[in-house]
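Listed below, chain by chain, are the residues.
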Amino acid sequence: MVIVSPRFNPPDLAPEVLDSLLQGSPVATFVIDGEHRVTHWNRACELVTGIPAAEIIGSSDHWRGFYAEPRPILADYIVAGEIEQAMRNYEAGHCKASEVVVGAYEAEGFFPSLGEGGCWLYFTAAPVLGPGGQVIGAIETLQNITARKLAEQALLDQNNALEVAVADRTRALEQSNAELRALLQERCELQEQVGSASSTAFSAMSSMGEMGVLLQALQRFNSCQQADELAQLVLDTLVSYELVGAVELRLPGQAVRRFPDSGGLEAATFANLRDMGRIVGFHSRMIVNYPSLSILISNMPRDDERAGRVRDNVSILAEAADARVRALDAELRRQQGEAAISGSLAGINKLLAAIEGRQKQSMAETRMAIHRLGETLEKRFVHLGLTEHQESYLLETVRDGLDGLIDAQDGQLDIQSELSAIIHRLTDAV
């Protein structure tokens, strides 16, 4: 049965024609007049709300299809000219002007009373204008977007679970690598004895595919003496995985370097992603970030299983490379410190040698002056009319004082010699 309210008669369009158009639409649609009374309520709207048109047409009870108690809906706000109030009543960003129809607005919301467990609706409302351009009603359409919302939530839950899994995996890898480094340190002597066997084992494992490539790279990391050499080794390893990638090095006190340096686009990608987390994936790209370097992959495999293996292997590769880069930086700083200390010791040693030479020269001159003083005193005692006993006593007193002065200078020379010996030992230790 077709139910049409005589209150809504747009110009040049018979009510039966308009109702036929609305009833034939698969989109849930209803129309209200300027008095907020329902004039049309199509079959799709009946299915969405569960309310027959016969109960709604001619009334202002269209709120029953969505709410438990009377309240305006979007079409009511448009008829009343209170769209700003509608914008405040909906959640931020859930109600906005339509980009297609001038004067129309669209919104979405969750309605717990619809369906089993509620549903999400996307609705659009537009004014119906009379011949003079005045608003004589409004038309509103409804779309059930529950499936889309559930899919969005499922995707969000999956992403959260993936982040937790990646974080757990990263921590497990860090712990495993720490235990491995401790074990390698403890068994250093044993490794020297079985070096040949280890080399054979690494060669055999290299033939086992991706894991072999990774183990071979980790083995070669220890022979790298420069950060640039290490970055090139990482790129070579990526090529072995059939991956296109780039490496960014960030060392304290040095400019950021990228390998290969392909221009501004890649630099911008590193700048935007280096602080976003340990592992960041987007489309066919992935970046793995550590404090001293980042590895960017541009062609991640589409196959989920292989992509997972690549992600794990590149993460291990990045962590090991980061550890080696920081070790190289620490070694460089140690060498620079030793060079500075050696230079300072050399300067101190040279200065001590010059002081020692001047002290020896001063002591020799002092001895000569004391000897001449003793001879002068002996000559002048003759003219003083002293007895032989008095002369001997005075000379012995003077000589004792002069000998004490010479002994004091010898003691200073001994201290200087001890200080020089300490400097030599420090130089040998460095």
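The numbering scheme is per chain: residues are counted from 1 as the chain's sequence reads. Since the coordinates come from a predicted model, pLDDT governs what is reported: local features require at least 70, and pairs of side-chain atoms require 80 or more to be given and counted, while whole-chain, interface and lining totals use all residues. In computing side-chain values, all of the structure's heavy atoms are included and hydrogens and water are not.

Asks: Got a minute to help me understand the overall build of the protein chain in this structure?
Replies: Only DSSP runs of H or I covering at least 4 residues are called helices, and only runs of E covering at least 2 are called strands; the numbering of each starts at the N terminus. Helix and strand counts for the protein chain stand at 13 helices and 11 strands. We call two residues in contact whenever any of their non-hydrogen atoms come within 4.5 Å of each other. Across the protein chain, the fraction of contacts at a sequence separation of at least 24, relative to all contacts at a separation of at least 6, is 49%. Here the protein chain has roughly 25,600 Å² of accessible surface; of this, 55% comes from carbon and sulfur atoms. Surface exposure here means Shrake-Rupley accessible area, sampled with a 1.4 Å probe, where a residue is shielded only by the protein chains that are shown.

Asks: Help me understand the pattern of salt bridges in this model?
Replies: Pairs can form between side chains of opposite charge once their charged atoms are near each other. By definition, a salt bridge exists where a carboxyl oxygen of Asp or Glu is found within 4 Å of a side-chain nitrogen of Lys or Arg. In total, this model carries 19 salt bridges according to the counting rule given. Linking arginine 169 and aspartate 312 is a salt bridge whose minimum nitrogen-to-oxygen distance equals 4.0 Å. Of this pair, arginine 169 sits in helix α6 (residues 146–186) while aspartate 312 sits in helix α12 (residues 304–381), and the two are 143 residues apart along the sequence. Burial here depends on accessible area, computed with a 1.4 Å probe over protein chains only, as a share of the maximum for the residue type. Under 20% is buried, over 50% is exposed, and the range in between is partly exposed. The partly exposed category is assigned to arginine 169, whose relative accessible area is 39%. According to the relative accessible area criterion, aspartate 312 is partly exposed, its value standing at 24%. For aspartate 329, the salt bridge identified is with arginine 333, shortest N-O distance 3.0 Å. A residue pair is termed a helical-turn pair when its members lie 3 or 4 positions apart in one helix, as aspartate 329 and arginine 333 do in helix α12 at 4 residues. Residue classification places aspartate 329 among the buried positions, given a relative accessible area of 13%. Sharing partners across several salt bridges, the network here consists of Glu108, Arg148, Lys149 and Glu152.

Asks: Would you mind going over unusual backbone geometry with me for this structure?
Replies: Phi is mostly negative for residues that are not glycine, and the peptide bonds are mostly trans. For histidine 36, which is not a glycine, the phi torsion comes out positive at approximately 70°. Structurally, histidine 36 can be placed in the loop between β1 (28–33) and β2 (38–41). Histidine 36 gets classed as partly exposed once you look at its relative accessible area, which sits at 24%. With a phi close to 60°, glutamate 242 is a non-glycine residue in the positive phi region. With respect to the helices and strands, glutamate 242 occurs in the loop between α10 (227–240) and β7 (245–249).

Asks: Would you take a moment to explain empty space enclosed by the protein for this structure?
Replies: Rolled over the atoms, a probe as big as a water molecule pinpoints where empty space is left. Computed over the protein atoms alone on a 1 Å grid, cavities are sets of points where a 1.4 Å probe fits but cannot get out and pockets are open sets with protein on both sides within 12 Å along at least five of seven lines; a residue lines them when it has an atom within 4 Å of a point. Grid points are joined across faces, edges and corners, and a volume is the space filled by probe spheres set on the points. Within the structure shown, the criterion is met by 2 cavities of 30 Å³ or more. The calculated volume of the second largest cavity comes to roughly 30 Å³. Gly374, Leu377, Leu395, Val398, Arg399 and Leu402 are the residues that line the second largest cavity. Contributing elements (two or more residues each) for the lining of the second largest cavity: α12 and α13 (388–429). The element best represented in the lining of the second largest cavity is α13, accounting for 4 residues. Three classes are used: nonpolar for Ala, Val, Leu, Ile, Met, Phe, Trp, Tyr, Cys and Pro, charged for Asp, Glu, Lys and Arg, and polar for all others, with Gly counted as polar. Grouping the amino acids of the lining of the second largest cavity by side-chain chemistry returns 4 nonpolar, 1 polar and 1 charged.

Asks: Even after reading the chapter, I still don't get the environment of glutamate 248, so can you show me in this structure?
Replies: Here glutamate 248 shows up in strand β7. Each C-alpha atom of the pair glutamate 248 and aspartate 261 lies 9.1 Å from the other, and the pair is 13 residues apart in sequence. Ignoring any residue separated from it by four or fewer positions in sequence, one finds glutamate 248 in contact with Val256, Arg257, Arg258, Phe270, Arg274, Ser292, Leu293 and Ser294. What qualifies as a polar contact is a pair of N or O atoms within 3.5 Å, subject to a donor-acceptor requirement within protein and to the restriction that residues adjacent in sequence count only when both atoms come from side chains. Separated by 2.7 Å, the side chains of glutamate 248 and arginine 250 make a polar contact.

Asks: What exactly am I supposed to notice about the pairing of strand β10 (residues 285–290) here?
Replies: Two faces, one strand: in a regular strand the side chains alternate between the faces of the sheet. Of all 6 residues in β10, 5 are buried; the element is thus mostly enclosed. Note that strand β9 (residues 279–282) and β10 share 4 bridges and pair antiparallel. Within the sheet, the bridge partner assigned to isoleucine 279 lies in β10 and is valine 288. What sits between the antiparallel neighbours β9 and β10 is a turn of 2 residues, in which histidine 283 has the positive phi angle 55°. We treat two strands as partners when DSSP finds at least two bridges between them. Relative to strand β11 (residues 293–297), β10 runs antiparallel, the two being bridged by 5 bridges. Each bridged residue has a counterpart across the sheet, and for tyrosine 290 the counterpart in β11 is leucine 293. Counting the residues in the hairpin turn of β10 and β11 gives 2 residues.

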